[in-house]
Amino acid sequence: MSTTIEPAVRVETRRQPVPAPEKLERVFHIEDLTAVYGSKPAIKEITLDVYKNLVTAIIGPSGCGKSTFIRCLNRMNDLIPHFRQSGTIRYHGHDICGSAVDPVAVRRTIGMVFQRPNPFPKSIYDNVAWGLKVLGMKDSLDERVERALTRAALWDEVKDRLKASALSLSGGQQQRLCIARAIAVEPDVVLMDEPASALDPIATQAIEQLMHDLKSEYSFVIVTHNMQQAARVADMTAFFSISTGGEGERWGELIEYDQTTKIFTAPADSRTEDYVTGRFG
Amino acid sequence: MSSYGLGGVHQRNDRLARRRAVNRLMELAAWLAAALAVAILGIVVFSVARRGYHQLNLDLLTKTPVPFALGPVKQGLANAFVGSLVIVAIATAMALPVGILVAIYVNEFARPSIRTGVGLALDVLNGLPTIVIGIFVFGLLVVGRGQSAFAGSFALGILMLPLVARSTIEVLALVPASLREASLGLGVPRWRTTLSIVLPQTIGGIVTGTTLAVARVAGETAPLLFTSSIVGNQVGWNPHSALQTVPVAIFELSESPDPADHARAWAAALVLLVFILCASLLARWLATRSRRKLGAAR
């Protein structure tokens, strides 16, 4: 078996070509989104569309507002004092930013997986079942739990110890449990905020495979600072960068948003090229 | 030595010696202060135990006092122990839910400015002289209605409230934010997240805080003088009438001319002291245990 030297960022060739944007259904239509913590802007004037049944990756250097952006999509930032945002986020045509919109309802259909695995201090079974019970999906609970764990590629590893504490699982298993918990309640979109940053390569691969397998049912938005990961899993990639203004102000901006192959092989903006070739960041 | 940049060693030696001496002196002073604190507790416990243990027997806990008895009549303070139990239990039942709700509001829902304000109010309430609380409850519940154990409980409940709320706020702050996010991210409402995910993590801490608060108010005398001190000698469980309590009994017995009463006062003081020491140790143990559990949840 001969070994070949892999390029730093190799775009998967197995991927199916992404249809033209006109043919895709829009999940999110984001326009002029600006988010501010107190008086410090985090992101300014982001405009982009997220499409159904695709994996959309947000890449960029630390501090460019990737997490702030993704947390706007399910109103997670509401919990942070002094957070304000302007612009519009339309989800299947409905505005989800207004004060009349219940953030709980938004989060109900737009699930989230966080950077660090955060299972509840409950049993493995209850981690998945609790959300189902609270949200009134009590019918055929066992099947739902099994299906979610199977989809998250965790079932075979935990089926004999469903009553064991979720905290006894390894980091990678805990993160897959969190994914199972998120997809069990049947969201429409799953947001992932650097889901693999605390995991080893094998667990990372499992999670990437899982996104690949599940995207026919869900739409994924994934924040990652790992370009290889974006190249492997994403159909569309958005590159964010830090802009600086007068008085040392810094904020995140969308530089380029296109098909992943395009971003990594023929970026339109020189800043994107610098970043993906490793000259910056 | 001078080759290591320590030139003028002889000259500096004097200063070094002085510094060492000052250092020793300060260390000694700090050590003495710490020893004094421990010694005071030791002396109090020892002197109470020495004078109280003669009278310490089962009768003290199970028999009621015999009025106007002279000489070595066997008599106890059962009425005071039962009264203290009833009053502290009702006080806990009043302060615990309110304290937990205050803590939940402050830590989970309030804006930062309100959080500071309520925190300050709790500290001031905690620092109020107990006699002031006694007079307040006297004016509110006793005037026109007469004394009752319930009024006493209300006064002690006011004392317990900031203690319970403060300790609950502390443990709530220890619950990692990621756990709240996990639940909220599923689309679970905030109240449900608080109730089912956050609060169960804090039970150990709440029990600890409550135990400490019980230990603290079980020995309170001043508020009870106004609210539940005009009492009979019979064991009573009815909170609508005034009930004798251990601290008030100690106070009254110590005013008596009969030395046998003094002995009983010491014995009752010893029982109270042992109870408070045990409660404090229990609280400490519970606190370590719950902190370990919370640490594992991170």
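Small disclaimer: the values here were computed from a predicted structure and weren't measured.

### Comments concerning the overall build of chain B
Then comes step 1: When its secondary structure is counted, chain B shows 11 helices and zero strands.
Then comes step 2: Since a compact globule built from 298 residues should have a radius of gyration of about 19 Å, the 26 Å found for chain B marks it as more spread out than a globular shape.
Then comes step 3: Here the C-alpha coordinates of chain B stretch approximately 90 × 65 × 35 Å along the principal axes.
Then comes step 4: Within chain B, counting contacts between residues at least 6 apart in sequence, those at least 24 apart form 76% of the total.

### Quick look at helix α4 (residues 112–127) of chain B
Then comes step 1: Here α4(B) spans 23 Å end to end across 16 residues, near enough to the 22 Å set by a 1.5 Å rise per residue.
Then comes step 2: In terms of residue burial, α4(B) counts as a barely covered element, since only one of its 16 residues are buried.

### Structural notes on the interface of chain A and chain B
Then comes step 1: With 18 residues of chain A at the interface, the matching set in chain B holds 17 residues.
Then comes step 2: Looking at which element gives the most residues to the side of chain A that touches chain B, the answer is helix α2 (residues 103–109) of chain A, with three residues.
Then comes step 3: Of the residues assigned to the side of chain A that touches chain B, the class counts are 11 nonpolar, three polar and four charged.

### Considering the domain arrangement of chain B
Interface size, as often reported, equals the accessible area lost upon joining of the parts.
Residue and element names in this part refer to chain B.
Then comes step 1: As assigned here, chain B comprises domain 1 (2–55) and domain 2 (60–297).
Then comes step 2: Every contact between the two is made by eight residues of domain 1 and, on the other side, eight residues of domain 2.
Then comes step 3: Its residues assigned to classes, the side of domain 1 that touches domain 2 shows four nonpolar, three polar and one charged.

### Things to note about helix α4 (residues 141–151) of chain A
Residue and element names in this part refer to chain A.
Then comes step 1: Buried within α4 we find Val145, Ala148 and Leu149. Across the axial projection of α4, the buried residues extend over an arc of 95°, all falling on one side.
Then comes step 2: Elements in contact with the buried residues of α4: α3 (124–134), α5 (155–158) and α6 (171–184).
Then comes step 3: A positive phi of about 55° marks Ala153, the residue just after α4.

Conventions used here
Residues numbered from 1 in each chain as written. Chains lettered and ligands numbered in written order. Predicted model: local features only at pLDDT ≥ 70, side-chain atom pairs only at ≥ 80, totals over all residues. Helix = DSSP H or I, 4+ residues; strand = E, 2+ residues; numbered from the N terminus. Rg over C-alpha atoms; globule rule 2.2 N^0.38 Å. Contact = placed C-beta atoms within 7 Å. Expected span 1.5 Å × (residues − 1). Buried ≥ 20, exposed ≤ 12 C-beta atoms within 10 Å, placed from the backbone. Nonpolar A, V, L, I, M, F, W, Y, C, P; charged D, E, K, R; others polar. Domains from an automatic or database assignment. Arc of directions from axis to C-beta.

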